[in-house]
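The lines below spell out each chain.
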Amino acid sequence: MNYTFLKISPLFKGYTEGQIKEVVEYLGCRTVKYKKGSFIYHAGSKVTEMGLVLKGSVQMEAVDLLGNRSILGIAMFGDIFAESYACIPEQPLMVDVAAREAVEVLFINIQKLISDKNKKINTQGLVQNILQIAARKNLGLSMRIFHSSPKKIRDRLISYFSAQVRLEGDTEIEIPLDRQQLADYLGVDRTALSKELGKMKKDGLIDYRKNHFSLYL
């Protein structure tokens, strides 16, 4: 286990490597590796463990009865996922969690963490960190709703790009989504998205190469 890596994760903010090792061993955490495209959790399942991405990245996605897929979020290395459902184990998952690439996940038993009364092990800081991370995620979901609300694809793109510029503090940005993922995130057709990006480039609003965008909005 790479405790140096865990130390830089927001989940273990304020912990020393020794304290992290102590908590991980006390909670009986386990690591699992998944191949690209593998499902980590299926919609409808019930979970008691949240995941911390050690390598690679995972995505949370919803698929309707017609097979239409919508990406609800992405967890990169150092991020956690399924923490809300793990806190309410009787609540079935409403989304699938899948590996975007080869991924390694550290699973943490939330129920044991919540019920922990061992004063010798510092788990309270971990609970507080989870609450802060969950709050930021809720804000992220709110932003997705905000970005996908405009009727026109261009307006959705402008909303998304504007948020990324504010986040990075620069008009040169690197987005974490490929074209299909961006289309799914904004709730639009990929072909229509690519066409609109081309129009925006022709209009001098943007320039791009793969996931790197220069914005002139």
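Caption draft 1: Molecular detail of the overall build of the protein. Across its full length, the protein carries eight helices and eleven strands. Its C-alpha atoms put the protein at 60 × 40 × 30 Å along the principal axes. Sequence separation of 24 or more characterises 69% of the internal contacts of the protein that already satisfy a separation of 6 or more. Total accessible area on the protein is roughly 12,100 Å²; 55% of this is exposed by carbon and sulfur atoms. Across the protein, 31 positive and 24 negative side-chain charges occur, with their mean positions spaced 1 Å apart.

Caption draft 2: Highlighting the sheet that holds strand β9 (residues 172–174). Ordered in space as β9-β11-β10, the three strands form an open sheet in which the pairing is antiparallel. With one partner strand each, in any of the chains shown, β9 and β10 (206–209) form the two edges of the open sheet. For this sheet, the mean angle separating the axes of adjacent strands, direction not counted, is 20°. Bridge analysis of β10 against strand β11 (residues 212–215) gives four bridges, and the strand direction is antiparallel.

Caption draft 3: Examining the environment of Ala75 more closely. Within the secondary structure, Ala75 is located in strand β5 (residues 69–75). Look at Ala75 and you get buried, because its relative accessible area is 1%.

Caption draft 4: Molecular detail of the pattern of salt bridges. Tallied over the entire structure, the rule returns seven salt bridges. Here Glu104 ties to Lys55 by a salt bridge, and the two come within 4.0 Å at their closest N and O atoms. A residue pair is termed long-range when its members are at least 10 positions apart, and Glu104 in strand β8 (residues 103–109) and Lys55 in strand β3 (residues 49–55) qualify at 49 residues. Since its relative accessible area comes to 14%, Glu104 is described here as buried.

Caption draft 5: Structural context of the sheet that holds strand β7 (residues 96–99). Pairing in this open sheet of four strands is antiparallel, and the strands run β2-β7-β4-β5 from one edge to the other. What marks the edges here is a single partner per strand, and that holds for β2 (39–41) and β5. The mean angle between the axes of side-by-side strands here comes to 35°, regardless of whether they run parallel or antiparallel. In the sheet, β2 pairs with β7 via two bridges, with the strands oriented antiparallel. Looking across to β7, one finds that Tyr41 is bridged to Val97. Sheet strands touched by helix α7 (residues 179–186): β4 (58–63) and β5. Its angle to β5, the strand with the most contacts, is close to 110°.

Caption draft 6: Region of the structure containing the nonpolar core. Leu6, Leu11, Phe12, Ile40, Tyr41, Val58 and Phe81 are the most contacted members of the largest nonpolar core, which totals 42 residues. The leading source of residues in this core is β8, at five residues. Setting aside chain neighbours within four positions, we find Leu6 in contact with Met1, Phe12, Ile20, Val24, Leu52, Leu54 and Leu106. Membership of the second largest hydrophobic core comes to 18 residues, among which are Tyr160, Ile175, Leu197 and Met200.

Caption draft 7: Fine view of the packing of aromatic side chains. All told, the structure shown has eight aromatic pairs when counted by the stated rule. Measuring from ring centre to ring centre gives 6.5 Å for Phe5 and Phe77, while their planes differ by 45°; the resulting arrangement is tilted. Taken together, the residues span a long stretch of sequence, with Phe5 in helix α1 (residues 3–7) and Phe77 in the loop between β5 and β6 (80–81) at a distance of 72 residues. The class of Phe5 is buried, set by a relative accessible area of 15%.

Caption draft 8: Structural context of the state of the cysteines. On inspection of all chains with the given rule, the structure shows zero disulfides. Between Cys29, a free cysteine, and Cys87, which holds the nearest cysteine sulfur, the sulfur-to-sulfur gap is 14 Å. Cys29 sits in the buried class, given a relative accessible area of 18%.

Definitions and cut-offs
Residues numbered from 1 in each chain as written. Predicted model: local features only at pLDDT ≥ 70, side-chain atom pairs only at ≥ 80, totals over all residues. Heavy atoms only, no water. Helix = DSSP H or I, 4+ residues; strand = E, 2+ residues; numbered from the N terminus. Contact = heavy atoms within 4.5 Å. Areas by Shrake-Rupley, 256 points an atom, 1.4 Å probe, with all protein chains shown as cover. Lys, Arg positive; Asp, Glu negative; His and termini not counted. Charge placed at Lys NZ, Arg CZ, Asp CG, Glu CD. Pairing = 2+ DSSP bridges. Axes fitted to C-alpha atoms, helices over the stretch in contact; angles between N-to-C directions. Buried < 20%, exposed > 50% of the residue type's maximum accessible area, 1.4 Å probe, protein only. Salt bridge = Lys/Arg side-chain N within 4 Å of Asp/Glu carboxyl O. Core = buried A, V, L, I, M, F, W, Y, C linked by side-chain atoms within 4.5 Å. Phe/Tyr/Trp six-rings, centres within 6.5 Å; stacked < 30°, edge-to-face > 60°. Disulfide = S-S within 2.5 Å.

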